[in-house]
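Chain by chain, the residues run as shown.
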Number of protein chains: 6
Amino acid sequence: MNFIARPSGRAPDQLREVRIERAFTRHAEGSVLVSFGDTRVLCTASVENRVPGFLRGKGEGWVTAEYGMLPRATHTRSDREAARGKQGGRTLEIQRLIGRSLRACVDRGLLGERTITLDCDVLQADGGTRTAAITGAYVALVDAVQGLLDSRAIKPPSCNRQPIVGAVAAVSVGIYRGVPVLDLDYAEDSDCDTDMNVVMNDGGGFIELQGTAEGHAFRRDELDALLALADSGCTQLFAAQREALAR
Amino acid sequence: MNFIARPSGRAPDQLREVRIERAFTRHAEGSVLVSFGDTRVLCTASVENRVPGFLRGKGEGWVTAEYGMLPRATHTRSDREAARGKQGGRTLEIQRLIGRSLRACVDRGLLGERTITLDCDVLQADGGTRTAAITGAYVALVDAVQGLLDSRAIKPPSCNRQPIVGAVAAVSVGIYRGVPVLDLDYAEDSDCDTDMNVVMNDGGGFIELQGTAEGHAFRRDELDALLALADSGCTQLFAAQREALAR
Amino acid sequence: MNFIARPSGRAPDQLREVRIERAFTRHAEGSVLVSFGDTRVLCTASVENRVPGFLRGKGEGWVTAEYGMLPRATHTRSDREAARGKQGGRTLEIQRLIGRSLRACVDRGLLGERTITLDCDVLQADGGTRTAAITGAYVALVDAVQGLLDSRAIKPPSCNRQPIVGAVAAVSVGIYRGVPVLDLDYAEDSDCDTDMNVVMNDGGGFIELQGTAEGHAFRRDELDALLALADSGCTQLFAAQREALAR
Amino acid sequence: MNFIARPSGRAPDQLREVRIERAFTRHAEGSVLVSFGDTRVLCTASVENRVPGFLRGKGEGWVTAEYGMLPRATHTRSDREAARGKQGGRTLEIQRLIGRSLRACVDRGLLGERTITLDCDVLQADGGTRTAAITGAYVALVDAVQGLLDSRAIKPPSCNRQPIVGAVAAVSVGIYRGVPVLDLDYAEDSDCDTDMNVVMNDGGGFIELQGTAEGHAFRRDELDALLALADSGCTQLFAAQREALAR
Amino acid sequence: MNFIARPSGRAPDQLREVRIERAFTRHAEGSVLVSFGDTRVLCTASVENRVPGFLRGKGEGWVTAEYGMLPRATHTRSDREAARGKQGGRTLEIQRLIGRSLRACVDRGLLGERTITLDCDVLQADGGTRTAAITGAYVALVDAVQGLLDSRAIKPPSCNRQPIVGAVAAVSVGIYRGVPVLDLDYAEDSDCDTDMNVVMNDGGGFIELQGTAEGHAFRRDELDALLALADSGCTQLFAAQREALAR
Amino acid sequence: MNFIARPSGRAPDQLREVRIERAFTRHAEGSVLVSFGDTRVLCTASVENRVPGFLRGKGEGWVTAEYGMLPRATHTRSDREAARGKQGGRTLEIQRLIGRSLRACVDRGLLGERTITLDCDVLQADGGTRTAAITGAYVALVDAVQGLLDSRAIKPPSCNRQPIVGAVAAVSVGIYRGVPVLDLDYAEDSDCDTDMNVVMNDGGGFIELQGTAEGHAFRRDELDALLALADSGCTQLFAAQREALAR
């Protein structure tokens, strides 16, 4: 791997410090403050005893997500979406991604007719808010499902089926000044050629890949390097999730 | 004062624990996490070098506020206003109140053509979010103005004029089970006859009074008792603000 | 009381001429054109046999209000809210105030599952539109409830319970050039330090207090003077309501 | 003409009582309360010293209209468009018609870069609100233009050019139970086969024709009868306008 | 008829080339691409087994229309209404017209509780989009109803009642440089004094007349000439519809 | 490659029939009807002499896209986004993807301060609308840029710089019943485990990768197979684009 000076001084394959703080607020069934360095996202999981219309009467549950950014989470203040009267395309795109990613780790047939909503609100942004959100929302989701199990609202898992079928984590990778790097911060993200968000499960499978060439198109060998970095980053994130859940 | 069992066990004239944590996030010119017990509001002050149309070219500044509640700040999840496509009446009412209250402590002629926006986002709600927001936003505003003074963006205050002309704090009071009490939490707020939000300055003057009889109308003597409680509560809040700013 | 030249030549404690004209339009169950001097508000009460979702099946009724201002009710034309696509914060704040105030005079348990909507539309504005609206809407509400009683849609009141539990009226007070005055018109309102809207019932109780210091904060003795003026103003308004209802 | 029992007892070619009350409110440059029987519309003309973007810099003026219906102008309460967040198709259609009709009587080159907005708000509806609105708005427009002439804001008319180039009035006609009738009220409008709104100028020319067959299609001879009725109705309306303007 | 040079070289009473192409897309129950010269509108008829609330339980059907224009159907790109967040007044006016016109040719009692929605989307505009839309939507509607008959979803027509009670077509007429002309194209439409859209049935009756004097008001004799042209135009359009349906 | 019965009978690595029809409508600077089998998308390129605010005065151009689906492009009618009052998340996501993809093939510095908007409207949907849209929009963009070159609005390309820096095409790939397949149609798309949209340039570089595991997560070897299929598909699409442009 080439020599490169990342703005943060990190090695190319080095994550930022990851912190996962459970029970950050007290009303939600799951509430996690996740930090990837200076990026801090509050992820809450809310359980409601109803499902969207298209699932009514089918006996299965739903998992969905909403994403927001506090107006001054960023370097300069951005408009409050509630005041503008609509969520922007970026917001909708991210919350759809979070929802799909988390649905990939749930056996919805075991949830009963319940909706679990994952609200991911960015308190402070420094790049990688969507990957931090997915990684933290997983922990909030596990706490919410555990609550349902503890209260016997849903049946305890058998050896064959469990409501949570695997862990999900996400990380960004990109090519910064010609070098593939892991977990881009804002300084890198705003000055890189290519970035990709990778959502994986702890079985090593890919759940979502979203790569964008902002500068020049990326070659196949670059893609391979990025995927390897993502794989190593997610492995570390799964460990951080397990550790947080064990506390 | 009558005997009364407040759900929290507090004395009728007792505030909840007040905490004011400065520099909670790092991008905003002022960033305060204020807690009144379990009510936690993130107040950021953002400085922008422009003013609304009606002030353009007049050489004076503007102070305004926006208010939001994270969907799961409350006991049950409420809709995200950005997703619903509009801010509700309660939100607009509160943010107008916060804006008016903070403008009351600023000499806008000394700000230059700048807007300071106070974003008050409720991370966790347990009653009194608007009074906590005003109390915390004052501290964020002072930090933002101090930053302008430090960078010489605005002239240093003279003995005659200072950009911040006094402190502002707010507290709720109400009649709970027949007894006037200070700083209602959610359990009291949802079960009280009358509640009033009082915004004061540190000269003992009233900036805003908003009293509502939810059950029976309140008599003049009850009003007097409530105002006395509010006065004593604000005195303690001014001390907490001064202490936080001195740190 | 100090000498003061009010723009209208009124004494400090003098209301504008109050007129309450019932049956101004013919479709609504109650229809009142109320005038506080040049401020003219059309208040209609509409009865519908349904309640909002949160009351369904509880056997009680609902009273709510909507407020609007014709675009050219004011000195310069303002945008039509329907064309702008949303009601402004001031509108929402006022209609919430009107709704709360009128609910304070109704025993909703006697209404049955009905909603009474009070539409208050300002035909001409000269200050005090919300207080005129509340004062007039009360009369429209009484007419609508009387219609329900006359048609036996709701049971006749017993000595213990009546659907209308008391009268409600509202008036503004303020400090104009240092002197507390009653019932501010537009010229005073746009040039005063403090103004307060006071909603009272005819038992002398306060239903709503909304005081705002636009210039300097108001002292406790000023507040006392304002409350005394409001009390005297509401007493006159209750008389005007009774007289209108007796016609 | 066949024998027919109109619900109101009117002869087939008889207008409802028409009243045109000028200066109904005091802020607008023109303010007319027009009544066609129980249909009552407040028409105000507001002059502003600006034009829409597409006319900027061209030295000519603009005339436009907005239409609204108070929620309880009708037999049953309809939603407030400002609260629903948009104007309905019927509202937009009507205000476009009013705007086009009034522009047809103005020499916009003589107005200078000014916009005259005609706000037509229905206080009470009993059929024919758009035709009453056009007929009344014409009078409000004349008053507003006369004010501009009186204040010398626009040049006095020469023998060749005047800002108002002719009168405009409108009336509805329809086929009610097989008989062509003039000026339909609500009872007729909701039970007729065909209705047509006709806007004419006082030179006998047609400005707008909007005919709709609600039941069966109308034949050419029916159309001819309707046009003759409309012509006679407008003649009476022009007289009423002239009389009102002469007062 | 006077000599006149129409921009297209057509005779005053000459339609543009009319083409009606059925089954243009394959999902809709009826799908017609109609061309009036360079004006091309895709009209689809969609059948759904539900009716609007006001018809529920009445056993009859509903026919409605929606209209749209692709952003670059016109000479210069216009905003996409979906992106602007609302349909303009012109759009709403046109789709209401199309819906009323098509309802005039259907016996809704024979449709059962079904809604047929006619989506008319303009791919290319050169004047007369609403008349082309009505003319084409009729053919799509016939195909959709025939499908319902073929599948026995609705009862086969008896000699007394058929679901389609007659044909509907529409054409524009106008006075271009003093001469009444048929089927205005864009060059004529943007430079004519008067234009009128006429919707007729094949029994010679008028369903809708919408005439607007854009320049000077039109006289009765001009109206008569326009109606005669429209009658002749619609006769040709009925032939084109029949021919398309026979293919 | 395994044996597999694709619903269409195609081989796993076989594209649907691709047709690219230029000049489909006549007003736009580029107008292409692209078909991938039964998926038909009208792509127009519109040139306007203005740029968004963030680019004003920088001397470079902008390329953006909007996407829409006619309500009955699909098997069952979907709501018209203009009528619902907002574009859905899927629409916004797709149009952002199209815009980014096309910007990747343009040297915006050579466009001057112009915006080229690519409107991609789906006339008929059978899976793969976004990939067809990108492939067709490229051809429309080339036509629009050629028009600017032909009219000397922008400078002719030198050997070093050309406004179009390469071709862009897109195709979907997925794992259908365990087998990697190219260019999914609707029947496959709604029943597959994984699908990925791949945007490439004709230098073999990746511009966008968007892969989603709908059923089980995909392994690295599956990803490799999909990327190989996409590469082969894009190669064929570049040939089809070149052929269409040569006509």
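Residues numbered from 1 in each chain as written. Chains lettered and ligands numbered in written order. Predicted model: local features only at pLDDT ≥ 70, side-chain atom pairs only at ≥ 80, totals over all residues. Heavy atoms only, no water.

Undergrad: Got a sec to walk through the UniProt feature "domain: Exoribonuclease phosphorolytic" (unreviewed entry) in chain A? Specific residues and values, please.
TA: All names here are of chain A. Per the UniProt annotation, the sites labelled "domain: Exoribonuclease phosphorolytic" (unreviewed entry) are residues 14-144 and 167-230. Along residues 14-144 one finds 27% helix and 31% strand; the C-alpha atoms at either end are 31 Å apart. Helix makes up 23% of residues 167-230 and strand 45%, whereas the separation of the span's terminal C-alpha atoms amounts to 15 Å. (UniProt positions renumbered as here; feature names shortened; annotations may be inferred. Helix = DSSP H or I, 4+ residues; strand = E, 2+ residues; numbered from the N terminus.)

Undergrad: Tell me about the interface of chain F and chain E, residues and numbers included.
TA: If you look at the interface, chain F gives 39 residues, while chain E gives 39 residues. Here chain F meets chain E over a buried area of about 3,100 Å², counting both sides, of which 47% is carbon and sulfur. Looking only at chain F, the three residues that lose the most surface to chain E are His27(F), Arg72(F) and Arg77(F), adding up to 25% of its buried area. Residue Asp121(E) is joined to Arg80(F) by a salt bridge in which the shortest nitrogen-to-oxygen separation is 2.9 Å. Here chain F is connected to chain E by 24 residue pairs in polar contact (both at pLDDT 80 or more). Listed by contribution, the elements that provide at least two residues to the side of chain F that touches chain E are strand S3 (39-48), strand S4 (62-69), helix H1 (81-84) and strand S5 (115-124) of chain F. Considering every element that reaches the side of chain F that touches chain E, the biggest residue donor is S3(F), with 7 residues. In terms of residue class, the side of chain F that touches chain E is made up of 14 nonpolar, 11 polar and 14 charged. (Contact = heavy atoms within 4.5 Å. Buried area = accessible area lost by both parts, 1.4 Å probe. Salt bridge = Lys/Arg side-chain N within 4 Å of Asp/Glu carboxyl O. Polar contact = N/O pair within 3.5 Å; in protein donor to acceptor, adjacent residues only side chain to side chain. Nonpolar A, V, L, I, M, F, W, Y, C, P; charged D, E, K, R; others polar.)

Undergrad: Break down the packing of aromatic side chains for me, with residues and values.
TA: The final tally for this structure, using the stated rule, is 12 aromatic pairs over all chains. Both rings, one in Phe206(B) and one in Phe218(C), keep their centres 5.8 Å apart while their planes meet at 35°; by these two values the pair is tilted. Taken together, the residues Phe206(B) in strand S9 (residues 206-213) and Phe218(C) in the loop between strand S9 (206-213) and helix H5 (220-246) connect one chain to another. Grouping residues by exposure puts Phe206(B) and Phe218(C) together as buried. Between Phe54(F) and Trp62(F), the aromatic rings sit 5.2 Å apart at their centres with planes inclined by 90°, giving edge-to-face as the arrangement. Sitting above the plane of the Phe24(A) ring, Arg40(B) keeps its charged end 4.7 Å from the centroid. (Phe/Tyr/Trp six-rings, centres within 6.5 Å; stacked < 30°, edge-to-face > 60°. Buried < 20%, exposed > 50% of the residue type's maximum accessible area, 1.4 Å probe, protein only. Lys NZ or Arg CZ within 6 Å of the ring centre and 35° of its normal.)

Undergrad: Tell me what's going on with the sheet that holds strand S6 (residues 168-176) of chain F, and back it up with residues and numbers.
TA: Pairing is antiparallel in the open sheet, where 8 strands are placed in the order S7(A)-S6(A)-S8(A)-S9(A)-S9(F)-S8(F)-S6(F)-S7(F). The open sheet has two edge strands with one neighbour each: strand S7 (179-182) of chain A together with strand S7 (179-182) of chain F. Each neighbouring strand pair of the sheet contributes to a mean axis angle of 15°, computed without reference to strand direction. Across 5 bridges, strand S9 (residues 206-213) of chain A lies against strand S9 (residues 206-213) of chain F in antiparallel orientation. Its bridge partner lying in S9(F), Glu208(A) is registered against Thr212(F). In the packing of helix H3 (residues 129-150) of chain A onto the sheet, the strands contacted are strand S6 (168-176), strand S8 (194-201) and S9 of chain A, and the crossing angle to S6(A) comes to about 165°. (Pairing = 2+ DSSP bridges. Axes fitted to C-alpha atoms, helices over the stretch in contact; angles between N-to-C directions.)

Undergrad: Summarise the environment of Val173(C); cite the residues concerned and give the values.
TA: Residue and element names in this part refer to chain C. In this structure, Val173 sits in strand S6 (residues 168-176). Residue classification places Val173 among the buried positions, given a relative accessible area of 0%. It is 13 Å that separates the C-alpha atoms of Val173 and Glu208, two residues lying 35 residues apart in sequence. If near-sequence neighbours (up to four positions away) are discounted, Val173 is found in contact with Val181, Leu182, Asp183, Leu184, Thr194, Asp195, Met196, Val198, Leu226, Leu229 and Ala230.

Undergrad: A description of the sheet that holds strand S7 (residues 179-182) of chain E should follow, citing residues and the corresponding values.
TA: One open sheet holds the 8 strands; their spatial order is S7(D)-S6(D)-S8(D)-S9(D)-S9(E)-S8(E)-S6(E)-S7(E), and the pairing between them is antiparallel. In the strand order of this sheet, the two ends are held by strand S7 (179-182) of chain D together with S7 of chain E, each with one partner. On average, each strand axis in the sheet is tilted by 15° relative to the strand beside it, whichever way the strands run. The pairing of strand S6 (residues 168-176) of chain E with S7(E) spans 4 bridges and is classified as antiparallel. Bridge assignment links Gly174(E) to a residue of S7(E), and that residue is Val181(E). On the sheet, helix H3 (residues 129-150) of chain D packs against strand S6 (168-176), strand S8 (194-201) and strand S9 (206-213) of chain D and is oriented at approximately 165° with respect to S6(D). Against the sheet, helix H3 (residues 129-150) of chain E touches S6, strand S8 (194-201) and strand S9 (206-213) of chain E, its axis set at about 165° to S6(E).

Undergrad: Requested: an account of the pattern of salt bridges, with residues and values cited.
TA: Under the definition given, this model contains 155 salt bridges over all chains. As a salt-bridge pair, Glu66(A) and Arg77(B) come within 3.2 Å of each other at their nearest N and O atoms. In this pair, Glu66(A) is assigned in strand S4 (residues 62-69) and Arg77(B) in the loop between strand S4 (62-69) and helix H1 (81-84), connecting two distinct chains. Taking relative accessible area as the criterion, Arg77(B) reaches 15% and is therefore assigned buried. Arg26(F) is the salt-bridge partner of Asp126(E), the closest N and O atoms lying 3.8 Å from each other. Of this pair, Asp126(E) sits in the loop between strand S5 (115-124) and H3 while Arg26(F) sits in the loop between strand S1 (18-22) and strand S2 (30-36), each in a different chain. Here the residues in one salt-bridge network are Arg6(A), Arg10(A), Arg16(A), Asp38(A), Asp126(A), Asp183(A), Asp185(A), Glu188(A) and Arg26(B), joined through shared partners.

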